[in-house]
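Chain and residue survey
Read off the chains here:
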Amino acid sequence: MRVFCRGFAARWLGCVAIVGSLIALASPAGAAVSVNGLFSDNAVLQRDLKLPVWGQAADGEKITVTLDDQKADTTAADGKWRVDLAPHKAGGPFTLTIEGPSNKIEAKNILIGDVWIAGGQSNMEMAVQNCANGPEEVKNSANPQIRLITIARKQHAAIPQTDIQDKWVECGPNTVGGFSGVAYFFGRDLQKQLNVPIGLINSNIGGTTAERWMSKESLEAETTIKDMPRSQGANDLYNAMIYPLIPYGIKGAIWYQGESNAGFAWQYRTLFPAMIKNWRTDWKQGDFPFFFVQLAPFTGIVNQPQDSQWAELRDAQLYTMLHSPKTGMAVITDVGDEKDIHPKRKQQVGARLAIAARGVAYGEQIEPTGPIFDRLEIKGREAAVHFSHLGGGLEAKGDKLTGFTVAGDDKKFHNAEAKIDGDTVVVSSDQVEKPVAVRFGWAQYPVVNLWSKSGLPASPFRSDEFPLTTQPKSK
């Protein structure tokens, strides 16, 4: 009888244990707290701003977040939680701890410094190992003060995603080879200059249009672009690769894109500033700095003036810089390739983005860009072009200036003679008696050599407002 009782009791207790386990698994109170994948080992958190940390948990669960000497508590609601830690100066390494009722997460080797998002299409995606001198760059890349994370390339997301599974890594030969060359060279130059940790978030996909990197609401709000073709599917990359990053603290963004929008260059004048505004609005960090790369020269060189969609896209990029606050543009007319849409000399691209950031984002007393068209002054048969951002003065890299064209009332452009006269360039042509407009570098592959003495090339420009080939015809 005693043996029977003992067997029954054991079976009864076993059933109770199984039922108890099932109840625990089914109970929201027993669910583990999670944190967004951005908060992994080796992450960089943004200095001098409040530090949002967020994730998921069952409703009502208490979460405690600890970093250095800070501790913050919150309670999950609607399956989510978030705390905002106080601003912290650059430093580290630290351990970030997230603790719930049933589990604790530790993210180790955390640095606090400046975080930059690197977005765009294939020229931003192009890996360090594929850039000029790539193997040597990879070999010499070890720097634990630079941290890298590449967001998994996901397309066709119909709704905004809330998390990522990607992890931060320290920069070095085993991690940087497949990372964005432009982003790495930008971060390398900044880290050397600023001597603070730099975090680079690599979020880009080749062959993509800007509207795919915008939210549905922002795109629909822009009436002048809402009727653009949506052959690639608007909003999907924003949903998959930008939205999950918000509201991670950032210093700013760098961007290299436009090739896929060249056929709609006129609309890009509205689209691109709207995309920048979209990101800034959703991040709720104010007008954070945003720097971008003007399209590189590409395709065969043409010696006579002609229309060019790429020239019109560069014009839209220049327009964006001049009309959007806290932006800057890297001009790369000297690093193109006639046969390759992906020029390999990305070191210059990253360096010029870093110069723009130092001048605009960090307030250094340097010119953030090369000469920019300011105004045109007509003097008889000559046109004097005035510039801003002179950078110590104008200079020609070569025997004489190239790339200038001039037009009269007939709006037909002719190759022009150009010479530097102080802080202006004087332009003329025997074929134009009364000039009304000047263009510079207006070609798919501009051959130009006007620079500032501080070492930056002048941006292509047009002084006119003549109708462009991508501009919708008036009804």
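Heads up: these notes are all about the structure in this document.

Calculation rules
Residues numbered from 1 in each chain as written. Predicted model: local features only at pLDDT ≥ 70, side-chain atom pairs only at ≥ 80, totals over all residues. Heavy atoms only, no water. Helix = DSSP H or I, 4+ residues; strand = E, 2+ residues; numbered from the N terminus. Buried < 20%, exposed > 50% of the residue type's maximum accessible area, 1.4 Å probe, protein only. Contact = heavy atoms within 4.5 Å. Areas by Shrake-Rupley, 256 points an atom, 1.4 Å probe, with all protein chains shown as cover. Lys, Arg positive; Asp, Glu negative; His and termini not counted. Charge placed at Lys NZ, Arg CZ, Asp CG, Glu CD. Pairing = 2+ DSSP bridges. Salt bridge = Lys/Arg side-chain N within 4 Å of Asp/Glu carboxyl O. Phe/Tyr/Trp six-rings, centres within 6.5 Å; stacked < 30°, edge-to-face > 60°. Lys NZ or Arg CZ within 6 Å of the ring centre and 35° of its normal. Axes fitted to C-alpha atoms, helices over the stretch in contact; angles between N-to-C directions. Parallel < 35°, antiparallel > 145°, perpendicular 65-115°, else oblique. Left-handed = near helix turned anticlockwise from the far one by under 90°. Nonpolar A, V, L, I, M, F, W, Y, C, P; charged D, E, K, R; others polar. Expected span 1.5 Å × (residues − 1).

For the rest of this paragraph, the subject is the overall build of the protein. For the protein, the helix and strand inventory stands at nine helices and 24 strands. Referenced to the eigenvectors of the C-alpha coordinate spread, the extents of the protein come out at roughly 120 × 50 × 35 Å. Expressed as a percentage of the 475 residues in the protein, the buried residues total 53%. Sequence-distant contacts in the protein: of pairs separated by 6 or more residues, those separated by 24 or more amount to 73%. As displayed, the protein has an accessible area near 21,200 Å², and 50% of this comes from carbon and sulfur atoms. In the protein, the 50 positive side-chain charges and the 51 negative ones have mean positions that sit 5 Å from each other.

As a further point, take the sheet that holds strand β18 (residues 404-407). Pairing within the open sheet is antiparallel, and its four strands lie in the order β19-β18-β22-β24. Each of the sheet's edge strands pairs with one partner strand only, and the pair in question is β19 (413-415) and β24 (461-462). Of the strand pairs in this sheet, β18 and β19 are connected by three bridges, and their pairing is antiparallel. Across the sheet, residue A407 finds its bridge partner in β19, namely F413.

Turning next to the pattern of salt bridges. All chains considered together, the criterion is met by 19 salt bridges. The shortest N-O distance in the salt bridge between R462 and D464 comes to 3.4 Å. A relative accessible area of 10% means that R462 is categorised as buried. Among the residues examined, D464 registers a relative accessible area of 6% and is labelled buried.

So, on to the pairing of strand β3 (residues 51-56). Counting buried positions over the six residues of β3 gives five, a clear majority of the element. Here two bridges tie strand β1 (residues 34-35) to β3, and the two strands are oriented antiparallel to one another. Considered in β3, the bridge of S34 is made with Q56. In the sheet, β3 pairs with strand β6 (residues 80-85) via six bridges, with the strands oriented antiparallel. Across the sheet, residue Q56 finds its bridge partner in β6, namely K80.

When you line up the elements, G178 lands in the loop between β10 (169-171) and α4 (181-194). With sequence-adjacent residues up to four places away left out, G178 is seen in contact with A127 and Q129.

The next point concerns the packing of aromatic side chains. Using the criterion set out here, one finds 25 aromatic pairs in the structure. Aromatic pair F272 and F292: ring centres 4.9 Å apart, planes at 80 degrees, arrangement edge-to-face. Here the residue F272 occupies a position in helix α7 (residues 265-283), and F292 occupies one in strand β13 (residues 290-293), the gap between them amounting to 20 residues. The exposure class assigned to F272 is buried, which follows from its relative accessible area of 0%. Just above the ring of Y319 sits the side chain of R269; from NZ or CZ to the centre is 4.0 Å. Taking the ring centre of W451 as reference, the NZ or CZ of K397 above it sits at 3.6 Å.

Here we come to the packing of α4 against helix α9 (residues 346-360). Axis separation between α4 and α9 bottoms out at 7 Å; the angle between their running directions is 45 degrees. By the angle class used here, α4 and α9 are oblique. For the crossing formed where α4 meets α9, the hand is right-handed. Facing α4, whose interface residues are V182, F185, F186, R188, D189, L190 and Q193, α9 presents K346, Q347, V349, G350, A351, L353, A354, A357 and R358. Residue composition of the contact of α4 with α9, grouped by class: nine nonpolar, three polar and four charged.

Let us look at α7. Taking 1.5 Å per residue, 19 residues should reach 27 Å; α7 reaches 27 Å between its end C-alpha atoms and fits that length. Counting buried positions over the 19 residues of α7 gives 14, a clear majority of the element. Where α7 terminates, the next one or two residues include K284, which has phi positive at roughly 60 degrees.

With that settled, consider the pairing of strand β8 (residues 104-120). Where a strand is regular, its side chains alternate between the two sheet faces. When you tally the buried positions in β8, you get twelve out of 17 residues, the bulk of the element. The sheet contact formed by strand β7 (residues 91-99) and β8 spans six bridges and is antiparallel. In the sheet register, E99 faces β8, and the bridge partner there is K104. The turn linking β7 back onto β8 is made up of four residues. Relative to strand β11 (residues 198-204), β8 is paired through seven bridges, and the arrangement is parallel. In the strand pairing of β11, W116 is matched with L200.

Attention shifts here to the packing of α7 against helix α8 (residues 309-323). Between α7 and α8, whose axes approach to 8 Å, the crossing angle comes to 35 degrees. Judged by the twist between their axes, the crossing of α7 over α8 is right-handed. Of α8, the residues touching α7 (which contributes A265, Y268, R269, F272, P273 and I276) are Q309, E312, L313, D315, A316, Q317, Y319 and T320. Tallied by class, residues from the contact of α7 with α8 come to eight nonpolar, three polar and three charged.

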